[in-house]
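Each chain, written out:
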Amino acid sequence: MLGAGIIDSITNARPAVSGGFRDTLVASQKVNWRIEDIIGGDKRLDFTKPFMPEALARVQELSFPSADEKRILNQIRGNAYLGIFGLVEEFILPFVLDHVRPTLDQDDFRVRAFLQFAGEEAKHIQLFKVFSDEFCEGFGSECRIIGPPAEVASAVLAHQPLAVALAILHIEWMSQRHYIESIKGDIEIDLQFKSLLKNHWLEEAQHAKLDTRMVESLSEGLSDEAITAAIDGFLAIGGFLDEGLKQQTVFDMEALERATGRTLTVEEREAFVATQLQANRWTYIGSGMIHPKFKQTLDRLGSDASKRIAEVAPAFE
Ligand SMILES: [Fe+2]
Ligand SMILES: [Fe+2]
């Protein structure tokens, strides 16, 4: 009797509702690629080419490096780009898992869509590690990346969930913008690096939709005061990332000196930091902050969320 009762309740307990999550799941399953298919074997980086589009790298704005040195700096920036993506994805992964964990019994498609999202970020983290190994081997000298990932993750995840979800949403829209506006049409950059960015972008497209849903569900029913506090948290995470970018800019300058054997003068160092820090700020903060889709979500949050972000955004352009 007891056994029959349990079987009854299992059979009837979980409706496979969707609410749009089915479409997201199907779309991501269609794209799903394997790491082995996009890196390794005969798919090699070409170190005679730049890796990053100039709109993000902004190396041409510097007057002192030679053409070769600008290409080397561009490659250093490319390596840092995937390194920093790996870093942020290390806090996105546990956050997404924690978000879906308490509601595993509510919507099968939603659960699967979020687990697919988490699985893809775990795969991207691994992809960027494989890339880093190949880059180090081919580049020939050390290029440091900010971290360590566990400490960055615990600092970011200490903020309230809505603040973290907004930071993640901003990162996803930022990666969409980079590919569509700067990478897709660039015919100068290395094709293998471009292929990695394209494949990453393809999977990220569904993440942006799921992040929007995370923000919507975390903000449901919150007071204006609570929304304001979440924006405070989002700005604090932005400030934390900005500190990281200052450090990364110095790491990139040291990497350029190591790779070229050149010691920059005081004036050259100042010019380097001014130009490259702003390039990093636009790449990782500004381009997401002023994305129209991100603004749409801020508008829906109400309070003065949109206005406050619009006020700080020019500093990151
Ligand atoms: Fe990713
Ligand atoms: Fe993502």
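Reading the values: rules and limits
- Residues numbered from 1 in each chain as written.
- Chains lettered and ligands numbered in written order.
- Predicted model: local features only at pLDDT ≥ 70, side-chain atom pairs only at ≥ 80, totals over all residues.
- Heavy atoms only, no water.
- Donors = N, O, S within 2.8 Å, 3.2 Å for Na, K, Ca; no water.
- Tetrahedral: all angles 85-135°; square planar, octahedral: opposite > 155°, others 65-115°.
- Helix = DSSP H or I, 4+ residues; strand = E, 2+ residues; numbered from the N terminus.
- Buried < 20%, exposed > 50% of the residue type's maximum accessible area, 1.4 Å probe, protein only.
- Core = buried A, V, L, I, M, F, W, Y, C linked by side-chain atoms within 4.5 Å.
- Contact = heavy atoms within 4.5 Å.
- Salt bridge = Lys/Arg side-chain N within 4 Å of Asp/Glu carboxyl O.

**Student:** Would you mind showing me how to read the coordination of the iron ion (ligand 2) here?
**Tutor:** As a benchmark, a tetrahedral metal site with four donors has ideal angles of 109.5 degrees, while an octahedral site with six donors has ideal angles of 90 or 180 degrees. Around the iron ion (ligand 2), the donor atoms from the protein are Glu121 (OE), Glu172 (OE), Glu172 (OE), Glu204 (OE), Glu204 (OE) and His207 (ND1), and they sit 2.0 to 2.7 Å away. Around the iron ion (ligand 2) sit six donor atoms; with metal-centred angles ranging over 50 to 156°, the donor geometry is irregular. Separation of the iron ion (ligand 2) from the iron ion (ligand 1) amounts to 3.5 Å, with Glu121 serving as a shared donor to the pair. Linking Glu121 in helix 6 (residues 108-139) with Glu204 in helix 9 (residues 191-219), this pair joins segments that are 83 residues apart in sequence. For the residue pair Glu121 and Glu204, the accessibility class agrees, reading buried in each case.

**Student:** Teacher, can you tell me more about the nonpolar core here?
**Tutor:** Side chains that are nonpolar tend, in soluble globular proteins, to be buried together. The biggest cluster of nonpolar side chains holds 92 residues, and the ones touching the most others in it are Phe91 and Leu166. Aside from chain neighbours lying at most four places away, what touches Leu166 is Val215, Ile231, Phe234, Phe294, Leu298 and Leu301.

**Student:** What is the right way to look at the side chain of Arg281 in this model?
**Tutor:** On the secondary structure map, Arg281 appears in helix 11 (residues 266-289). Using a relative accessible area of 16% as the deciding quantity, one classes Arg281 as buried. Excluding anything up to four places from it in sequence, Arg281 contacts Asp242, Leu245, Lys246, Gly286, Ala315 and Phe316.

**Student:** Is there a simple way to explain the coordination of the iron ion (ligand 1) in this structure?
**Tutor:** Of the protein atoms, only Glu89 (OE), Glu89 (OE), Glu121 (OE), His124 (ND1), His200 (NE2) and Glu204 (OE) coordinate the iron ion (ligand 1), at distances of 1.9 to 2.8 Å. Around the iron ion (ligand 1) sit six donor atoms, and with donor-metal-donor angles ranging over 51 to 173° the site reads as irregular. Read from N- to C-terminus, the donor residues coordinating the iron ion (ligand 1) fall into the pattern E-x31-E-x2-H-x75-H-x3-E. For Glu89, a relative accessible area of 1% gives the class buried.

**Student:** Looking at this structure, I do not really get the pattern of salt bridges. What am I missing?
**Tutor:** When the charged atoms of two side chains lie near each other, side chains of opposite charge can form a pair. The full count for this structure, using the stated rule, is 19 salt bridges. Between Lys43 and Asp42 there is a salt bridge, with the nearest N and O atoms lying 3.9 Å from each other. Between Glu203 and Lys123 there is a salt bridge; the shortest N-O distance is 2.8 Å. Taken together, the positions of Glu203 in helix 9 and Lys123 in helix 6 put the pair 80 residues apart, joining distant regions of the chain. Exposure class is identical for Glu203 and Lys123. Each is buried. Among the charged side chains, a salt-bridge network with shared partners connects Arg34, Glu36 and Asp37.

From the geometry alone we can't say anything about function, so treat these as descriptive.
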